[in-house]
Each structure stands twice: as C-alpha cells, then as structure tokens.
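# Residue-level structure breakdown
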Amino acid sequence: MADGRPTIKDIAREAGVSVATVSRALRDLPYVAPATRSRVVEVAAELEYEVHPHAARLVSGRTWTIGLAAPQFGSWFPSRALGGINSVFAEAGYDLLVSMMATPEDRQRFLVEARSFCRRVDGIVLIDTFVSAEGSSAGDFFDRPVVAVNERLEGASSIIIDNRLAARRAVEHLIDLGHERIGLVVGPSLVDLPTPVPEQRGLGYRDALRSAGLPFDPELAVSGQWTAAGGFAALSKLLEGHEPPTAVFCMSDQMAFGALWAATRHGLDIPGDLSVIGFDDHDLSAAMGLTTMRQAVDEMGVRAAATVLALIEGEPVTDITWDVPLIVRETTAKAG
C-alpha cells in the first residue's frame, strides 16, 4: 500500500485476479463474472479502498484501451478477426478504440494523426492497413506496441499467412486431379488500398502451373471483384470463352460461391464438369461443400490480441506465419 492507502494492485492481489479485472469490476463494466465482481467489491471494502472512476488509470498509468484500425468491418476477414480480438480484450478488461479506413483518404488521415491516436491507447492492432506499403516501419507512425494482421511490418509483431504458397497448394490440388486448363478468379482490393494479397495469390497460381509444365493463359484470369456477384460474372465469362476451363481457383470463397451459382445456371455438374476451389473457409463453405484453403481468421485475431497484451508487458516483438491447410470437400474431383 502506498502511504498506507490501498491501491488497485492490492485489491487484485488479495482477490486473486488481474488488475484489469479489478478495474472493470470497480467501474461496473461488462465481461466480469458476478462472483468475481462480488469478490473484488468485498476486498475493496475490507481494505477501505475508496472507489474512484479513474483510479485504475491513475494507478497503472494505462488507458486500458486498445486501438484497432481496419479498412472496414463488413467484409469477411476483418469481421472474423474482430470477433477473436474482442473476446481477448474483453476478458482482459480493455476497451477498443476503432478507426475505420473505408477510403485511401481515411487511411492517409489515420497515418497522419497516428501519434495523437497513440496517446489514447496502450497498444494497437492493425488489420489490412498495409503501412508497409509506404516503405515505413511501425515506429514511423506509432509509439505504442503494434501488432499487424495480414502484413509483415518492421518494428511490429506480424501475424500473416503465406498467400503465395497457399494459392500454389490450391492449384496443385487441381493439377493433381488431372486438370490442365485452370481458370483464375482474381480479387482486387475492396477499398483501393495497397494490398499485395491478389498479386501474391496470382503468383502462387502461376508457380503451380510452371512447376507442372503448364502454360499460363492470361485469358483464363478474370476479375471477380471479391464478391459473389463478381464470381458469377467471372465464371460466366470464362465459360463463354473458346476453350472453357475444367477447373477454377477463386481467390476467395465468396467469389467461389458466385462461380458455383454460375456453373449451375450454365447447366454444369459440380464437380463432374467443373471443379471449383476457394480460399478462406467462409462460414458457409462447409454447408456448400466447397473445397477451399482455410484461413483461421478468428484464431489469428485471438493471437493478435494476446500478442499486443504481451508487448505491453514488455515481451519481445515476434512474427507468426499461420498455416493455411487444404480442406477437400465436394466441389473438386478428377478431370473427366
């Protein structure tokens, strides 16, 4: 006790919980079990602790807030990541301060005002912001611990997948089934941000073809706009070509859903006439029997949140490359 007066740390020690839990309990915030809250309040009374709404912040020197930046939260990847991230921070007693970058102008404004943003948080999680595209490190913008999801950023802990290798494995699965004419449904950036993901997955597609001695035909690569409607339009265009593919790799499951719809509308049997493979393992993929490459995005979000909390405690910066396994279902089969 400082000067004979109990602190929030004293309560945490006596109650057998974290300082963050004491802070949330005394501030009457959610995500604290009733029994735990009662125990914290009981210990605070026993120690004659004077509850003050800002006591936890004053004692710890922390804001008990984590900054979260992403292009948008309506699309599959950031929304799934957010679920995992929020579960960890809620349990640890942290609030979220969200910055959404729906346009390149929003992104630039966020980077310009990053130092001001940092003063309001203890750490930052970046999802698909691609600060590295500026040729910069985390320290050029942020003076708080940073975890970057889906990009490798110098000075930050990065949680990434190998998009090129995962795409290659997807196409190799089709090649192993005997397919030689394989279409590619490309997904450009949703919000015109400098993402390398489509390029890396495209390189993986070409790597697989080259390794198998198959030629690259640019006519087989069609934009699907990262949507189901775009996937429908893309496969329709491929099927109207002079020599349609016998298999298609879609850079996202949502585009694959549209491709499956288009194949059905054109009277094709899946996978008898056309094999389709996606990328993500979207929530609906299992129900649709879609063969895909699984991104465990919610688990990546959990790891990102746990990592930023570890960085706040002074642990070293680390990079994590997440595995992307092939999930074989009913939409791929041997070439006829």
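Structure first, text after, so check above.
The paragraphs below set out a description of the structure included in this document. (Residues numbered from 1 in each chain as written. Predicted model: local features only at pLDDT ≥ 70, side-chain atom pairs only at ≥ 80, totals over all residues. Heavy atoms only, no water.)

Another point: helix 2 (residues 19–26). Of all the eight residues making up helix 2, seven are buried; the element is thus mostly covered by neighbouring parts of the structure. Residues of helix 2 that are buried include every one of A20, T21, V22, S23, R24, A25 and L26, and no others. (Buried < 20%, exposed > 50% of the residue type's maximum accessible area, 1.4 Å probe, protein only. Helix = DSSP H or I, 4+ residues; strand = E, 2+ residues; numbered from the N terminus.)

Within the secondary structure, T332 is located in the segment after strand 12 (326–327). Take T332: its relative accessible area is 9%, and that puts it in the buried class. One polar contact links T332 to H173, side chain to side chain, over a distance of 3.0 Å. Here the side chain of T332 touches T291 through a polar contact of 3.0 Å, side chain to side chain. (Polar contact = N/O pair within 3.5 Å; in protein donor to acceptor, adjacent residues only side chain to side chain.)

Attention now goes to the packing of aromatic side chains. Under the definition given, this model contains seven aromatic pairs. With a centroid separation of 6.1 Å and an interplanar angle of 50°, the aromatic rings of F141 and F142 are classed as tilted. Accessibility assignment for this pair places F141 and F142 in one class, buried. Clustering of aromatic rings is evident, with ring pairs tying together F110, F117, F141 and F142. Positioned over the ring face of F216 is R206, at 3.9 Å from the centre of the ring. (Phe/Tyr/Trp six-rings, centres within 6.5 Å; stacked < 30°, edge-to-face > 60°. Lys NZ or Arg CZ within 6 Å of the ring centre and 35° of its normal.)

Turning our attention to the sheet that holds strand 10 (residues 291–294). Taken together, six strands build an open sheet; the order of strands is 7-6-8-9-10-12 and the sheet is mixed. Both outer strands of the open sheet, strand 7 (221–223) and strand 12, are each paired with one neighbouring strand and no more. In this sheet, strand 10 lies alongside strand 9 (residues 275–280) in parallel orientation, the contact comprising four bridges. Counterpart to D280 in the pairing with strand 10 is R294. Across the sheet, helix 8 (residues 163–176) lies against strand 6 (182–186), strand 8 (247–250), strand 9, strand 10 and strand 12, angled at about 160° from strand 9, the strand it touches most. Its contacts with the sheet put helix 9 (residues 197–211) on strand 6, strand 8 and strand 9, and the angle it makes with strand 6 is roughly 175°. (Pairing = 2+ DSSP bridges. Contact = heavy atoms within 4.5 Å. Axes fitted to C-alpha atoms, helices over the stretch in contact; angles between N-to-C directions.)

In this structure, P271 follows I270 across a cis peptide bond, with omega equal to 10°. Note on placement: P271 falls in the loop between helix 11 (253–265) and strand 9. Unusually for a residue other than glycine, D128 sits at a positive phi of about 55°. By secondary structure assignment, the location of D128 is in the loop between strand 3 (123–127) and strand 4 (146–149). On the basis of relative accessibility, which here comes to 14%, the residue D128 falls in the buried class.

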